Amino acid sequence: MFVRQQLCIPRHIISNMKFSTLRLSKNHMKKQCSYKTRSCVLSHQLLNGSFIRCCNSDATNPTNKSKARVQKLRRIQDRLEKIISSQETNSSVSPKWNEKEVIRYEIPYKPGDKKDTSQPLPQGYSPSYVEAVWYEWWQEMGFFKPNQKSEHKSEPFVMCLPPPNVTGNLHLGHALTVAIEDSIVRWNRMCGRETLWLPGCDHAGIATQVVVEKQLLSNTGQTRHDLGRVKFINEVWKWKEQKGNEIYKEVKRLGASLDWTKESFTMDKIYSRAVTEAFVRLHEDGTIYRSNSLVNWSCALKSAISDIEVDQVPISGRSLLSVPGYEDKVLFGCLEEFAYPLENSGEIVVATTRIETMLGDTAIAVNPDDPRYVHLIGDAVIHPFTGEKLPIIGDVSVDKDFGTGS
């Protein structure tokens, strides 16, 4: 049997066929179009509504199978024409998106009243409608307070909410933490245990100071030094009242079952006293001690800051870097050399990347294995500004090959 296959689709139809594709493989055609006649010509066209044309030596008496095939392909043609017409219609009309209607609970109520559930619910889910009124009623009923009359014999379950910083609003991380902890607290409460979840807010120290300083400079053009310590602390407390209350509102909107009668702030007097007492006890036990040490000093904040608040930037040589508080970039990674006059005669050259720190120098260190300076160990130099004598000491940690070796 000889079968010839031909698929002819006009160009304007192909360009509009975006969502449906007609695929007829050669094997598929041979399987579906097997004729018992000596020869057959099968062609597929989308021209003039003639989708199938079958030619064989006995075309006047087509088989039932060929008729069914013709009807099937005509149905496919009808579906393609509907898709093309719908695409042409949709391309001329842009889709319209309607904002979802916000349905609110507008039944008058007093704070602490139970929600009226006799009213029919709105057809669509509206969080503003569903969540309204309930939280105030939960607080009024004291559901979040520890049940001291609980007959449960196990130990009380007490947990503290990690206090969010007062520097700004909550974010997704806070929402996740509150949701997980709220589930734990509610589970223990439903198990009958005496449960307490403590709310609070963190003063955030340096971070809050920076935010308040920026706001103060923007609004009044003053710095904390212009205001003075007392007035600036009052500004910080104003910021806390503003942002702290906003944070608490956001936590309440999350439905957190916190006992708000025990709300606290890390700078409250009772907590400040507890912190002082803890440090005193740790010092008396010898766990912590006071000593001289290198610190991270912020020229902008005029304060020492912790290692976690410092960005370490490795540099390989001379580099100009932006520094807060300076309009122009500052040069780093450049060794400066200057000479200290010896007490008797001569001088010793010192290399440093921070020449301004020489004002606080108390000694000069050299490597005891360095033949250039071994004979100077034990001598002294004269500080050019203070006139003090600075001893020359030997220390194996000094790199002989770095700078001048002293």
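None of these values were measured; they are calculated from a predicted model.

Engineer: Whenever I open this one, the overall build of the protein confuses me. Can you help?
Structural biologist: Scanning the protein from terminus to terminus reveals 10 helices and 16 strands. Across the 406 residues in the protein, those meeting the buried criterion constitute 26%. Residue pairs at least 24 apart in sequence account for 60% of intrachain contacts in the protein once pairs closer than 6 positions are excluded.

Engineer: Please explain the pattern of salt bridges as it appears in this structure.
Structural biologist: Think of it this way: side chains of opposite charge can pair up when their charged atoms draw near. Going through the model one piece at a time under the given rule, you end up with nine salt bridges. For the salt bridge of K238 with E235, the shortest nitrogen-to-oxygen distance reads 3.6 Å. Within this pair, K238 and its partner E235 are both found in helix α9 (residues 229–253), separated by three residues, close to a single helical turn. Classification of E235 by relative accessible area gives partly exposed; the value is 26%.

Engineer: Help me out: how do you make sense of the side chain of D259 in this one?
Structural biologist: Its location among the elements puts D259 in the loop between α9 and β7 (264–265). D259 sits in the buried class, given a relative accessible area of 2%. Here the side chain of D259 touches T261 through a polar contact of 2.5 Å, side chain to side chain. In contact with D259, not counting residues within four places along its chain, are F144, K145, P146, L196, W197 and P199.

Engineer: Would you mind going over the nonpolar core with me for this structure?
Structural biologist: Most often, soluble globular proteins have nonpolar side chains that are buried together. Residues W197, C201, V251, A256, L258 and W260 are the most contacted members of the largest nonpolar core, which totals 23 residues. At the level of elements, β4 (157–160), α6 (172–190), α7 (205–220) and α9 are the ones that each hand at least two residues to this core. The contact partners of W260, leaving out residues within four places of it in the chain, are Y135, Q139, P199, Y248, V251 and K252.

Engineer: Sorry if this is basic, but what is going on with the sheet that holds strand β15 (residues 380–382) here?
Structural biologist: Across a sheet, paired strands are connected by hydrogen bonds in the backbone, their directions being either parallel or antiparallel. One open sheet accounts for three strands, arranged β14-β16-β15; its pairing is mixed. In this open sheet, the two edge strands, each paired with only one partner strand, are β14 (364–366) and β15. Within the sheet, the average angular offset between the axes of one strand and its neighbour, ignoring direction, is 25°. Direction of pairing for β15 relative to strand β16 (residues 389–394): antiparallel, over a ladder of three bridges. When the bridges of β16 are listed, V381 appears paired with L390.

Engineer: Sorry, what's going on with the pairing of β4 here?
Structural biologist: Side chains F157 and M159 of β4 all project onto a buried face; the interleaved residues V158 and C160 project onto a face where none is buried. Of the pairings in the sheet, the one linking β4 to strand β5 (residues 195–198) comprises four bridges and is parallel in character. Among the inter-strand pairings, M159 is bridged to a residue of β5, identified as W197. In this fold, the crossover linking β4 to β5 by way of α6 has right-handed handedness.

Engineer: I tried to follow unusual backbone geometry on my own but got confused; where do I start?
Structural biologist: Excluding glycine, residues mostly carry a negative phi; peptide bonds, for their part, are mostly trans. A positive phi angle is found at V133, which is not glycine, with a value near 75°. Among the structural elements, V133 can be located in the loop between α4 (127–130) and α5 (134–141). Exposure remark for V133: the relative accessible area of 3% places this residue in the buried category.

Engineer: Explanation requested: the packing of aromatic side chains in the structure shown.
Structural biologist: Each aromatic ring pair is characterised by the separation of its centres together with the angle its planes make. Throughout the structure, instances matching the rule amount to 10 aromatic pairs. Note on Y105 and Y129: the rings are 5.6 Å apart at their centroids and 65° apart in plane angle, and the pair reads as edge-to-face. Of this pair, Y105 sits in the loop between α3 (64–92) and α4 while Y129 sits in helix α4, and the two are 24 residues apart along the sequence. On the accessibility criterion, Y129 (10% relative accessible area) is buried. A ring pair is formed by W237 and F265, whose centres lie 5.4 Å apart and whose planes are at 70°; its orientation type is edge-to-face. On the criterion of sequence distance, the pair formed by W237 in helix α9 and F265 in strand β7 is long-range, its members being 28 residues apart. You can call W237 partly exposed: its relative accessible area is 34%.

Engineer: Would you take a moment to explain α7 for this structure?
Structural biologist: Each turn of an α-helix holds 3.6 residues, which means side chains three or four residues apart point in the same direction. Compared with the 22 Å implied by 1.5 Å per residue over 16 residues, the 22 Å span of α7 between its first and last C-alpha is a close match. Every buried residue of α7 is accounted for by T208, Q209, V212, E213 and L216. Within α7, the buried residues cover an arc of 135° as seen down the axis, which keeps them to one side. Counted as exposed and oriented over 90 degrees from the buried face of α7: K214 and S218. At the C-terminal side of α7, G221 shows a positive phi close to 75°.

Engineer: Just to check I follow, could you spell out the environment of K240 for this structure?
Structural biologist: On the secondary structure map, K240 appears in helix α9. Residue classification places K240 among the buried positions, given a relative accessible area of 11%. Considering only alpha carbons, one finds K240 and T208, 32 residues apart in sequence, at a separation of 8.9 Å. In this structure, K240 is in contact with V166, N245, E263 and F265, ignoring residues within four places of it in sequence.

Engineer: I'm lost on a nonpolar patch on the surface in this one. Help?
Structural biologist: On the surface, L176, I180 and I184 cluster together to form a nonpolar patch covering roughly 280 Å² of accessible area. Mapped onto the secondary structure, L176 falls in helix α6. Using a relative accessible area of 55% as the deciding quantity, one classes L176 as exposed.

How each quantity is defined
Residues numbered from 1 in each chain as written. Predicted model: local features only at pLDDT ≥ 70, side-chain atom pairs only at ≥ 80, totals over all residues. Heavy atoms only, no water. Helix = DSSP H or I, 4+ residues; strand = E, 2+ residues; numbered from the N terminus. Buried < 20%, exposed > 50% of the residue type's maximum accessible area, 1.4 Å probe, protein only. Contact = heavy atoms within 4.5 Å. Salt bridge = Lys/Arg side-chain N within 4 Å of Asp/Glu carboxyl O. Polar contact = N/O pair within 3.5 Å; in protein donor to acceptor, adjacent residues only side chain to side chain. Core = buried A, V, L, I, M, F, W, Y, C linked by side-chain atoms within 4.5 Å. Pairing = 2+ DSSP bridges. Axes fitted to C-alpha atoms, helices over the stretch in contact; angles between N-to-C directions. Right-handed = clockwise from strand over helix to strand, strands pointing away. Phe/Tyr/Trp six-rings, centres within 6.5 Å; stacked < 30°, edge-to-face > 60°. Expected span 1.5 Å × (residues − 1). Arc of directions from axis to C-beta. Patch = residues over 30% accessible without salt bridge, like charges linked within 9 Å, V, L, I, M, F, W, Y side chains within 5 Å. Areas by Shrake-Rupley, 256 points an atom, 1.4 Å probe, with all protein chains shown as cover.

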